[in-house]
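# Residue-level structure breakdown
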Amino acid sequence: MWDESIPEGLATALVGCDFTDPTAIQKACIEKVKPSNINDYLIKAPTGSGKTLGMLIPILTAFLKNDSTNDSDKKGTRSVGTMAILVSPTRDLAVQTFSLVQKILQRVKPHWMTSCLLVGSTNAQSGKNMDQQQQQNNGSLKARQKEKQALRKGQTIVVGTPGRLIDHLKSSSGWKRESLRFLVLDEADRLLDSGFGPKVKEILEMAAPKSVMFCSATITDPKSAFIALRDPVIVDSDVYGNGNGNSGTIDDANADDKGEAKISVPSTLTQEAMIVPCKQRLSALASVLEGQANDSRTVVFVSTGDSVEYHASLFTTCQKALGFGRSPVNVYKLHGSMSREERALNLTGFASNDGGRKILFATDVAARGLNLTNAVSGTPVELIIQYDA
């Protein structure tokens, strides 16, 4: 059951979205992220623990309790403008987060909050002729204009990737941000590792939020990696190993008994290693995949988009030669050079409940935050293989 501090309309919406009981990190966020306080927050929890919903709940609670704007004429209407910006390192994660936000907002009463997605188009792909490239450019310009119009009307929550957000922060003069309360850096360590540090700093300077939320599963030294947090409150589902979300200092959250940095690994995760000669790697991979159950789902991480294309093509066209004799395998792929539509189609297919063994070959664009559970049953991915380790 949800905490009594959550507005009734939000609690009802969460149950309507099949979120009936909070996870440890969600309980911690509800307890530690106070709508009436102006603080920065470091939210730490393992992948799959519900961090995204955990940070959304106190944000929506603040908005529904009208704690986020001093303008009484604008409270409870979209004319207040944007009150939260959620920054994601990849388009796929931004789309997933946006879908979750929309799912909740459609059920929350009163119905005044709105949301908007700001993500850039994929990079130009080789093999396209000039007409195709021109059509893509025209489509991108139209999408950008629609985004500008949406921002001008007022969007309570904006979800986006760094580049697109900076674009609109610089060029969309009609974007109302005077009441901006929260700026969330989802998978923040990935944002920094991917070279987005300067862009994130630029976003923070231009947006000037009252509170920053730094969300991560693996960050080990936010004090040195990210200086934008101002004496943050630590929200950690297992900082003391009890899952109660105790708060403390950055040093408390990142050090073990010996003072060394630690990373939490989900308790349900079993880790194994195979040492295989180079010439036998492909046959070993095929053997492992062939041994999976008929209704299983497996993600195979490789290092490059070309490697994704090669292995996806190989396992699609040569299944019998690779030893897949029991039943056909559905092969999907995901990498940064695919169009947004292709990526969405492959992710949807992999998560669907249409049966059969499924394999997703992916680069690290799928390594953080994406929800790949079965769309109907909610069962997780059975096996993840780091092929190029």
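Residues numbered from 1 in each chain as written. Predicted model: local features only at pLDDT ≥ 70, side-chain atom pairs only at ≥ 80, totals over all residues. Heavy atoms only, no water.

### Observations concerning the pairing of strand 4 (residues 157–160)
Burial along strand 4 is two-sided: I157 and V159 facing one way and V158 and G160 facing the other are all buried. Direction of pairing for strand 2 (residues 84–87) relative to strand 4: parallel, over a ladder of 4 bridges. By the bridge assignment, I85 is partnered in strand 4 with V158. Summarising the sheet, strand 3 (residues 115–118) and strand 4 pair through 4 bridges and their orientation is parallel. Within strand 4, the position partnered with L118 by the bridge is G160. (Buried < 20%, exposed > 50% of the residue type's maximum accessible area, 1.4 Å probe, protein only. Helix = DSSP H or I, 4+ residues; strand = E, 2+ residues; numbered from the N terminus. Pairing = 2+ DSSP bridges.)

### What about the packing of helix 6 (residues 162–171) against helix 8 (residues 197–207)?
Across the interface, helix 6 lies against helix 8 with an axial gap of 10 Å and an inter-helix angle of 35°. In this structure, helix 6 crosses over helix 8, and the sense of that crossing is left-handed. Facing helix 6, whose interface residues are P162, G163, L165, I166, L169 and K170, helix 8 presents K199, E202, I203, M206 and A207. By residue class, the composition of the contact of helix 6 with helix 8 is 7 nonpolar, 1 polar and 3 charged. (Axes fitted to C-alpha atoms, helices over the stretch in contact; angles between N-to-C directions. Left-handed = near helix turned anticlockwise from the far one by under 90°. Contact = heavy atoms within 4.5 Å. Nonpolar A, V, L, I, M, F, W, Y, C, P; charged D, E, K, R; others polar.)

### Examining the sheet that holds strand 4
In space, the 7 strands of this open sheet follow the order 3-4-2-5-6-1-7, with parallel pairing throughout. In this open sheet, the two strands that pair with only one neighbour each are strand 3 and strand 7 (233–236). Geometrically, the sheet is characterised by an average inter-axis angle of 15° between neighbouring strands, direction not taken into account. Of the strand pairs in this sheet, strand 1 (residues 41–44) and strand 6 (residues 211–216) are connected by 4 bridges, and their pairing is parallel. Its bridge partner lying in strand 6, I43 is registered against C215.

### A short note on the sheet that holds strand 8 (residues 297–301)
Two orientations exist for strands paired in a sheet by backbone hydrogen bonds: parallel and antiparallel. Taking strand neighbours across the sheet as the criterion, the 4 strands line up as 9-10-8-11 in an open arrangement whose pairing is parallel. Every other strand in the sheet has two partners, leaving strand 9 (329–334) and strand 11 (383–386) as the edge strands with one partner each. Here the strands of the sheet are splayed against their neighbours by 20° on average, with no regard to which way each runs. By the bridge criterion, 5 bridges tie strand 8 to strand 10 (residues 357–362) in an arrangement that is parallel. Looking at the pairing, F301 lines up with A362 of strand 10. Against the sheet, helix 11 (residues 281–290) makes contact with strand 8, strand 10 and strand 11, and its axis sits at roughly 140° relative to strand 10, the strand it touches most.

### Points about the nonpolar core
Ranked by size, the top nonpolar core spans 46 residues in total, and within it L10, I43, M55, F63, L86, I104 and M213 carry the most contacts. For this core, the element with the most residues is helix 3 (residues 51–64), which contributes 9 residues. Ignoring any residue separated from it by four or fewer positions in sequence, one finds L86 in contact with M55, L56, T97, V101, I157, V158, V159, G160, L165 and V184. In terms of nonpolar packing, the next biggest core, distinct from the first, is built from 27 residues, C116, L165, I166 and A188 among them. (Core = buried A, V, L, I, M, F, W, Y, C linked by side-chain atoms within 4.5 Å.)

### What to know about the side chain of S172
Along the chain, S172 turns up in the loop between helix 6 and strand 5 (182–185). A polar atom in the side chain of S172 sits 2.7 Å from the side chain of H168. Setting aside residues up to four positions removed in sequence, S172 forms contacts with K148, L151, D167 and R177. (Polar contact = N/O pair within 3.5 Å; in protein donor to acceptor, adjacent residues only side chain to side chain.)

### Some details on the packing of aromatic side chains
Counting across every chain of the model gives 3 aromatic pairs. Relative to F182, the ring of F63 lies with its centre 6.2 Å away and its plane at 50°, an arrangement referred to as tilted. Of this pair, F63 sits in helix 3 while F182 sits in strand 5, and the two are 119 residues apart along the sequence. A residue is classified by how much of its surface remains accessible, and F182, at 1% relative accessible area, is buried. Judged by centre distance (6.2 Å) and plane angle (75°), the rings of Y332 and F350 are edge-to-face. Note that Y332 is positioned in strand 9 and F350 in helix 13 (residues 340–351), a separation of 18 residues in sequence. Take Y332 and F350: they sit in the same class, and that class is buried. Residue placement shows R281 over the ring face of Y387; its charged tip is 4.2 Å from the ring centre. (Phe/Tyr/Trp six-rings, centres within 6.5 Å; stacked < 30°, edge-to-face > 60°. Lys NZ or Arg CZ within 6 Å of the ring centre and 35° of its normal.)

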